[in-house]
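As a plain string of letters, each chain reads:
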Amino acid sequence: MRTTSRPRRAAVLATSALAASALLLTACSSSGTKSNSDGSSAASGEKVTLTVGDFGTFGYKEAGLYDEYMAAHPNIKIEANTTQDGQQYWDALTTHLASGSGLADIQAVEVGYIAQATGTLGDKFTDLGKVDGVNASAWLPWKSKQATTAKGSLIGLGTDIGPMAVCYRKDLFQQAGLPTDRAEVAKLWAGDWSKFVDAGKQYQAKAPSGTFFTDSASGLFNAALSAESTQYSDDSGKLVYKDSAGVKKAWDIAVSASQAKISAGLRQFQDPWNAAFANAKFATVVCPSWMTGIISKYSGDSGKGKWDIAAPPVASNWGGAFLTVPKAGKHQKEAAALAAWLTAPEQQAKVFTKVGNLPSTTAGLDLPAVQSAKLDFFGDTPTGQIFAAAAKGIKPAPIGEQDGTVKTIITDNGILDIEEHGTDPAKAWANVTKAVDDKVNG
């Protein structure tokens, strides 16, 4: 993703804030119509329950935003339904979209699936670009572009982005004879993710008993690939992962990490991985900004002050999401108002300071609350400066409709098979291509 020039930030922020406030007042106090399947507003004062479906940790509850919104809008009640497994969430969402039932008023969409949402599923979502107070230019240009259909409809409001860093445990690095200062740590792997593997070999040679350099070769694959200009699809959206130089490079790096035994071989975002944080089983985690909230959550008090954040080998982005409003929802106007408020710069800043999800709005990135942010769990680490600076070096790669599916199969089937069962990499890759063919073309 690219460095952006950001003139008129203050004007954009002020205009957006005023317009958004007007939108919220209009949406939540409109009168004369009951909520129904066409999304019209409820009668003035009538209680409206808005449901929000998401996955992982979006930070809205943790930052107190739902409570704040409901306090300001007494007729609104928010019910959130969170699924931890992103693939399960997406599979269920596509099923509900197809049937037009069982949908939340607001549904989150992960960036790996946004091309499918704007493509074959584009007509299932409300055009949020037509909502008063929503200005696509308030977000990083590539962020809004990702959520825009071929017909020009903006179906998703960007929540966060995932500029990359490396989070590491200073205590384990010290015990293994590696530097602990974040600038010196960054020098270990500067310029190439293969150097990260080399640093892992140094760590493993003197590793504290029972620990590994990093948590997961699958996570390393995602991090390495996120820096490549060609990933799963080409500019036209066609799958090219079999011949992609970026996929091959990232695959080779992940395989080398697994074969060198520097990875704990854990499946990220599952229970054994969660528990391993508290047990200090690994010294590094490839660390998009949203990962900091996960680290602090699962490490607990025993890890507080022991983690730090270093620059990655190369600038890249892993992750990020959008809030959408399905057309089948019963309260589209109220849902759009809530989505606009949750993704406004000020709210994005509150989420970042609580759980580490970095704003995707240009104004949000420059707010003092973000620039000066220091997450309590990471002590004096200038978290805001590190990730905001990393965001400016992001260069986007094309996204195709099947990218999310291919990523899941490569990491959760191919690489994890190598990690857990010692499967020959060539065999694992053959299994991946067959599984993708069956899933995409079956």
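Everything below is about the structure printed above this text.
Fair warning: this is a prediction, and the values are worked out from it, not measured in the lab.

Rules used in this analysis
- Residues numbered from 1 in each chain as written.
- Predicted model: local features only at pLDDT ≥ 70, side-chain atom pairs only at ≥ 80, totals over all residues.
- Heavy atoms only, no water.
- Helix = DSSP H or I, 4+ residues; strand = E, 2+ residues; numbered from the N terminus.
- Buried < 20%, exposed > 50% of the residue type's maximum accessible area, 1.4 Å probe, protein only.
- Contact = heavy atoms within 4.5 Å.
- Disulfide = S-S within 2.5 Å.
- Axes fitted to C-alpha atoms, helices over the stretch in contact; angles between N-to-C directions.
- Parallel < 35°, antiparallel > 145°, perpendicular 65-115°, else oblique.
- Left-handed = near helix turned anticlockwise from the far one by under 90°.
- Nonpolar A, V, L, I, M, F, W, Y, C, P; charged D, E, K, R; others polar.
- 1 Å grid on protein atoms, 1.4 Å probe; cavity = no way out; pocket = protein on both sides within 12 Å on 5 of 7 lines; lining within 4 Å.
- Points joined across faces, edges and corners; volume = space filled by probe spheres on them.
- Core = buried A, V, L, I, M, F, W, Y, C linked by side-chain atoms within 4.5 Å.
- Arc of directions from axis to C-beta.
- Phe/Tyr/Trp six-rings, centres within 6.5 Å; stacked < 30°, edge-to-face > 60°.
- Lys NZ or Arg CZ within 6 Å of the ring centre and 35° of its normal.
- Pairing = 2+ DSSP bridges.
- Salt bridge = Lys/Arg side-chain N within 4 Å of Asp/Glu carboxyl O.

## Observations regarding the overall build of the chain
Here is step 1: For the chain, the helix and strand inventory stands at 19 helices and 10 strands.
Here is step 2: Across the 442 residues in the chain, those meeting the buried criterion constitute 55%.
Here is step 3: Sequence separation of at least 24 residues holds for 75% of the intrachain contacts in the chain that already meet a minimum separation of 6.

## Here we look at the state of the cysteines
Here is step 1: Scanning the model with the defined rule gives 1 disulfide in all.
Here is step 2: Note on cysteine connectivity: Cys167 is disulfide-linked to Cys287, with sulfurs 2.1 Å apart. Since a negative S-S torsion denotes a left-handed disulfide, the Cys167-Cys287 link at about -55° is left-handed. One end of the pair, Cys167, is in strand β5 (residues 166-169); the other, Cys287, is in the loop between β7 (282-286) and α12 (291-299), and 120 residues separate them in sequence. Of the two residues examined, Cys167 and Cys287, each falls in the buried class.

## Examining the packing of helix α18 (residues 403-421) against helix α19 (residues 425-441)
Here is step 1: Their axes nearest at 9 Å, the elements α18 and α19 cross at an angle of 150°. Here α19 runs roughly antiparallel to α18, going by the angle between their axes. For the pair α18 and α19, the sense of crossing is right-handed. In this structure, α18 uses Thr405, Val406, Ile409, Ile410, Gly414, Asp417 and Ile418 to contact α19, whose residues at the interface are Pro425, Ala428, Trp429, Asn431, Val432, Ala435, Val436 and Lys439.
Here is step 2: The residue inventory of the contact of α18 with α19, partitioned by class, reads 10 nonpolar, 3 polar and 2 charged.

## Considering empty space enclosed by the protein
Here is step 1: For the structure on display, the rule yields 2 cavities of 30 Å³ or more.
Here is step 2: Of the volumes computed, that of the largest cavity is approximately 340 Å³.
Here is step 3: If you trace the largest cavity, you find 22 residues lining it, with Val111, Gln231, Tyr232, Asn317 and Gly319 closest to the centre.
Here is step 4: Mapped by element, the contributors of at least two residues to the lining of the largest cavity are α9 (217-225), β9 (317-324) and α18.
Here is step 5: Considering only residue class, the lining of the largest cavity consists of 10 nonpolar, 8 polar and 4 charged.
Here is step 6: Phe58, Tyr60, Thr159, Asp160, Leu342, Gln348, Val351 and Asn357 together form the lining of the second largest cavity.
Here is step 7: Elements with a minimum of two residues in the lining of the second largest cavity: β4 (157-163) and α14 (345-355).

## Notes on the environment of Gly119
Here is step 1: Relative to the helices and strands, Gly119 is located in the loop between α4 (114-118) and α5 (141-146).
Here is step 2: You can call Gly119 partly exposed: its relative accessible area is 34%.

## As for the nonpolar core
Here is step 1: Of all hydrophobic cores here, the largest spans 76 residues; its most connected members are Trp189, Trp193, Phe221, Ile295, Trp307 and Ile410.
Here is step 2: The element contributing the most residues to this core is helix α10 (residues 245-259), with 7 residues.
Here is step 3: The residues touching Ile410, leaving out its near neighbours within four places in the chain, are Phe221, Tyr232, Tyr241, Val247, Trp251, Ile415, Trp429 and Val432.
Here is step 4: Counting residues in each nonpolar core, the second largest holds 48 residues, with Val48, Ile76, Ile155 and Leu342 among its members.

## Thoughts on unusual backbone geometry
Here is step 1: Despite not being glycine, Lys261 has its phi angle at roughly 60°, a positive value.
Here is step 2: As for its placement among the helices and strands, Lys261 is situated in the loop between α10 and α11 (271-278).
Here is step 3: Residue Ala280 is not a glycine yet carries a positive backbone phi of 50°.

## Re the side chain of Thr405
Here is step 1: Relative to the elements of secondary structure, Thr405 occurs in helix α18.
Here is step 2: For Thr405, a relative accessible area of 7% corresponds to the buried category.
Here is step 3: The contact partners of Thr405, leaving out residues within four places of it in the chain, are Tyr113 and Lys439.

## Thoughts on helix α2 (residues 65-72)
Here is step 1: Among the residues of α2, those classed as buried are Leu65, Tyr66 and Tyr69. Angularly, the buried residues of α2 cover 100° about the axis, an arc narrow enough to put them on a single face. Of the exposed residues in α2, the ones pointing more than 90 degrees away from its buried face are Asp67 and Ala71.

## Considerations on the packing of aromatic side chains
Here is step 1: Enumeration over the complete set of coordinates arrives at 22 aromatic pairs.
Here is step 2: Ring-pair connections join several aromatic residues into one group, and the members of that group are Tyr168, Phe173, Trp189, Trp193, Phe196, Tyr203 and Phe213.
Here is step 3: One cation-aromatic arrangement involves Lys143 over Phe322; the distance from NZ or CZ to the ring centre is 4.2 Å.

## Structural notes on the sheet that holds strand β10 (residues 358-359)
Here is step 1: In spatial order, the strands read β2-β1-β3-β9-β4-β10; together these 6 strands make up an open sheet with mixed pairing. Single-partner strands in this sheet number two, and they are β2 (76-83) and β10.
Here is step 2: Lying over the sheet, helix α3 (residues 86-99) contacts β1 (48-55), β2 and β3 (106-110), oriented at roughly 125° with respect to β3.

## Considerations on the pattern of salt bridges
Here is step 1: In the structure shown here, the tally under the stated rule is 12 salt bridges.
Here is step 2: Its salt-bridge partner being Glu228, residue Lys249 comes within 3.6 Å of it at the nearest N-O pair. Of the two residues, Lys249 sits in helix α10 while Glu228 sits in the loop between α9 and α10, which places them 21 residues apart along the sequence.
Here is step 3: Here Asp252 ties to Lys248 by a salt bridge, and the two come within 3.0 Å at their closest N and O atoms. With a gap of 4 residues between them, Asp252 and Lys248 both fall in helix α10, about one helical turn apart.
Here is step 4: The class of Asp252 is partly exposed, set by a relative accessible area of 37%.
Here is step 5: When its relative accessible area of 55% is taken as the criterion, Lys248 is described as exposed.

No statement about biological role is implied by the geometric values presented.
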